[in-house]
Amino acid sequence: MRVTLIALTKMITIDELTSKFVENEGFRKFMEDSQPKFKIPSRVTIARYCMHVFNDKKEGLKYMLSTNKQMFSLTTDTWTLVQNINYMCVTTH
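For every chain, the first residue of its written sequence is number 1, and the numbers climb from 1 along that sequence. Only residues with pLDDT of 70 or above have their local features reported here, since the model is predicted, and side-chain atom pairs are shown and tallied only from 80 upward, although totals for entire chains, interfaces and linings are computed over all residues. Based on all heavy atoms of the structure, the side-chain values leave hydrogens and waters out of the count.

Chemist: So what's going on with the overall build of the chain? Residues and values would help.
Modeler: When you go through the chain residue by residue, the secondary structure sums to three helices and two strands. Helix and strand definitions follow DSSP, with helices as H or I runs of at least four residues and strands as E runs of at least two, each counted in order from the N terminus. Each helix and strand of the chain, ordered N terminal to C terminal, gives the series α-α-α-β-β. At 17 Å, the chain has a C-alpha radius of gyration far larger than the 12 Å of a compact globule built from 93 residues. Each of the three principal axes of the chain carries a C-alpha extent, and together these read 50 × 35 × 20 Å. Residue exposure (1.4 Å probe, protein chains only): buried if accessible area is under 20% of the type maximum, exposed if over 50%, otherwise partly exposed. Within the span of the chain, comprising 93 residues, buried residues form 16% of the whole. Whether two residues are in contact is decided by their heavy atoms: any pair within 4.5 Å suffices. Considering only intrachain contacts with a sequence separation of at least 6, the fraction spanning at least 24 residues in the chain is 33%. Working convention for charge: Lys and Arg count positive, Asp and Glu count negative, and His plus the chain ends are omitted. A charged residue contributes its charge at one atom only: NZ of Lys, CZ of Arg, CG of Asp or CD of Glu. Positive and negative side-chain charges in the chain, numbering 13 and 9 respectively, have mean positions lying 8 Å apart. In this treatment the radius of gyration is a C-alpha quantity, and the globule benchmark scales as 2.2 Å times the residue count to the 0.38 power.

Chemist: Just give me the short version of the pairing of strand β1 (residues 74-80), but keep the residues and values in it.
Modeler: Of the strand pairs in this sheet, β1 and strand β2 (residues 86-92) are connected by seven bridges, and their pairing is antiparallel. Considered in β2, the bridge of T76 is made with V90. Strands are labelled as partners when DSSP assigns at least two bridges between them. Counting the residues that bridge the hairpin from β1 to β2 gives five residues, and of these N84 lies at a positive phi of roughly 65°.

Chemist: Before we move on, can you summarise unusual backbone geometry with the specific residues and values?
Modeler: In the Ramachandran plot, E16 falls in the positive-phi region, its phi being about 55° despite a non-glycine side chain. Within the element layout of this structure, E16 appears in the loop between α1 (2-14) and α2 (25-34). Overall, the relative accessible area of 72% leaves E16 in the exposed class. Phi is positive for N84, close to 65°, though the residue is something other than glycine. With respect to the element layout, N84 can be found in the loop between β1 and β2. Classification of N84 by relative accessible area gives exposed; the value is 61%.

Structure follows, in structure tokens:
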């Protein structure tokens, strides 16, 4: 079950969907038809798993950077949407 939750969380993140996506009627109907035994998690559970996936990726990146003896440069860019949502992008060279 945990593997499926992580896969669902990654799908939501990659496709830039909201955690509320799991409450959509179409998604629920699709899951009911394709895998009736799958218990659809709440949006709170999805948000919690987003943090788990983020922390796992962060630790993996920390390990990779600490064991890699090559040099790299970081560049950042920030912007704010009309809805007053802030974003930051970090690029590594």
